[in-house]
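One letter stands for each residue in the lines below.
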Amino acid sequence: MKIHFKFLAIVAVMAGLLASFSLQAEDAEANKALIERGKYIAIAADCGACHRQAVENGVPFAGGYAIQSPMGRIIASNITPSQQFGMGNYSEAQFADAVRKGVTQDGRNLYPAMPYTAYHGITDDDIHALYVYFMQGVKAADIAPTAVTRLGFPFNIRQVMWGWNLLYRSEKPFEQQTNLSEQLNRGRYLVDVLGHCSTCHTPRNMLMAEKTSLNLSGSPLGGWYAPNITPDSSGIAGWSQSDLVTYLKTGHLAGKAQAAGPMAEAVENSFRFMTDEDLNAMAAWIKQVPAVATPVATKSAQPRLLTDINNVIIGQGDPSSLADYSQTNGAMLYESACASCHGHQGQGTSDNFYPSLINNSAVSGPGPQNLVMTIVEGIHRKGSDSDVSMPAFAQQMNNGQIASLSNYVRSQFANIDDRLSAEDVQTLRHGGEPPFIVRYLYWLIGASIVIVLLILFGLMRLRKR
Ligand code: HEC
Ligand code: HEC
Ligand code: HEC
């Protein structure tokens, strides 16, 4: 009898242990899946694009990279679970407030360079997955910030953002719309919330907030221009859903467009890793947002013949022909610097690896920004199908040469007469025209002081009476 009991007890303990092991294993499985889900959300939201180090191939999410804003350089934080320098001490609720409301653990207001205006719609479920991913799936990097954000007065006063948030930060949670299909609801969430397309593609008002009525209709972005992507003829009405998917996934669409600059980074870090289902949902949503008509470049009645390029000695494939940058003639510059890849007639190669510059959205866009910036910075982009690279010409050419080259390319291949000057190129290379609030800041401050003084003066006179 005694032995029987012992045996039963041992069996019971074993069974209990087994059950708890399998439960633990199940928990571990579920947790792993949650971390994976959080990782995918972080990719769709492209957290890594900004929260990287200032060097190539740096430690993921260690921060230090400077976002160039018209107000100055804003340094991205370390968002690894480092206790000392990262967000190791953030609770999930504090994390949610930072991501959705732009308020840190210690109550500081973040600048909207952190796209909380879009992220405010992230669902509780997704916030949870993101939090678990950052806390458990990301390695703590005990790396101190290499730079600090120092903006000029009055932008250095973070409390200013409090008033701005009152005006422009939506408090409404993201809700599924019952009149939309499941795919469109998903697309809307990915485009408006996680993918934060509007932070680049929507024009901004005098206080730098997005003009929601002109959603996705195009906006300057540093020296670049994020084009109109609404389904208007001045936007991308001519693109099919699968065109959009191809562009987001690979960064190029034969005969239409290539992604350079900030869009190349978004493709490389984010869109190329997204599922086909999600990319299709995004494209389906973009295809049906309200169309907004925006100005297009006016075509000249007659192509302006800048020079007779037939007289230029051509050395295709010969690197030494790339060496002479002393000239300022746009056609000659094109021949020596661009033709070896894009062809003498701008036709590109038949496999489109070197794209045609005719019917190319950067060449025929409303302004020359993306052409100029591509010449200055080149392209280095990993897409889901290939790595592409075009050399940067910032070192070889001065602003005057870039201006005349850009004028030539736009005139020759898109029939657009820009007359860009060296100063225009200089402005683009330094982040473009400053917005109203930066240009007239001191006037605005001066005017407010005068108004306050006038009111005080008036009050004093009233009291004297
Ligand atoms: C477009 C660039 C950009 C993207 C994308 C971005 N961030 Fe940020 N984030 C910033 C910048 C810049 C700051 C610092 C802003 C400041 O100093 O006011 C910041 C600050 C933060 C902070 C506050 C940390 C602290 O204590 O200083 C958290 C948390 C954070 N981001 C999390 C995220 C997460 C999670 C994602 C992805 C879902 C994300 N960010 C995507 C630019 C970005
Ligand atoms: C970080 C800023 C940024 C973000 C975020 C961004 N874009 Fe872009 N986008 C650009 C810029 C700049 C260009 C122009 C690139 C070029 O011509 O080389 C561009 C180009 C495009 C084009 C090509 C348009 C044309 O006529 O050539 C499409 C389509 C597009 N973006 C869609 C999207 C979608 C959809 C999202 C969100 C899922 C998105 N973009 C997010 C900056 C951005
Ligand atoms: C070594 C080859 C090479 C040379 C030289 C070259 N390019 Fe490119 N160019 C490329 C590649 C590769 C791409 C991107 C293709 C892609 O995205 O699939 C590109 C893309 C472009 C684009 C589209 C960018 C956008 O934003 O949409 C323009 C415009 C352009 N090049 C203009 C020029 C001009 C002007 C020159 C001469 C200063 C030049 N290229 C020299 C290889 C080259």
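This one's a predicted model, so the numbers in the text were calculated from it and none came from an experiment. (Residues numbered from 1 in each chain as written. Chains lettered and ligands numbered in written order. Predicted model: local features only at pLDDT ≥ 70, side-chain atom pairs only at ≥ 80, totals over all residues. Heavy atoms only, no water.)

Draft legend 1. Region of interest: the pattern of salt bridges. A complete count under the given rule lists twelve salt bridges for this structure. Put simply, Arg37 and Asp126 hold a salt bridge, and the shortest N to O gap is 3.0 Å. On the criterion of sequence distance, the pair formed by Arg37 in helix α1 (residues 2-44) and Asp126 in helix α5 (residues 124-137) is long-range, its members being 89 residues apart. Classification of Asp126 as buried rests on a relative accessible area of 8%. The partner of Asp106 in a salt bridge is Arg108, with the nearest N and O atoms 3.3 Å apart. In this structure Asp106 comes out as exposed when scored by relative accessible area, which is 56%. Among the residues examined, Arg108 registers a relative accessible area of 39% and is labelled partly exposed. (Salt bridge = Lys/Arg side-chain N within 4 Å of Asp/Glu carboxyl O. Helix = DSSP H or I, 4+ residues; strand = E, 2+ residues; numbered from the N terminus. Buried < 20%, exposed > 50% of the residue type's maximum accessible area, 1.4 Å probe, protein only.)

Draft legend 2. Summary view of a nonpolar patch on the surface. Residues Ile449, Ile451, Val452, Leu453, Ile455, Leu456, Leu459 and Leu462 make up a contiguous nonpolar surface patch of roughly 770 Å² in combined accessible area. Tracing the backbone shows Leu453 in helix α19 (residues 441-464). (Patch = residues over 30% accessible without salt bridge, like charges linked within 9 Å, V, L, I, M, F, W, Y side chains within 5 Å. Areas by Shrake-Rupley, 256 points an atom, 1.4 Å probe, with all protein chains shown as cover.)

Draft legend 3. Geometry of helix α16 (residues 399-414). Relative to the 22 Å expected for 16 residues at 1.5 Å per residue, α16 spans 21 Å between its end C-alpha atoms, a close match to the ideal helical length. Of all 16 residues in α16, 14 are buried, a share of seventy percent or more. The distance from a side-chain oxygen at the start of α16 to the backbone nitrogen of Gly400 is 3.1 Å, and the residue carrying that oxygen is Asn398. Positive phi appears at Asn415, one or two residues downstream of α16, with a value of about 65°. (Expected span 1.5 Å × (residues − 1). Polar contact = N/O pair within 3.5 Å; in protein donor to acceptor, adjacent residues only side chain to side chain.)

The values reported here are purely geometric and, on their own, carry no functional implication.
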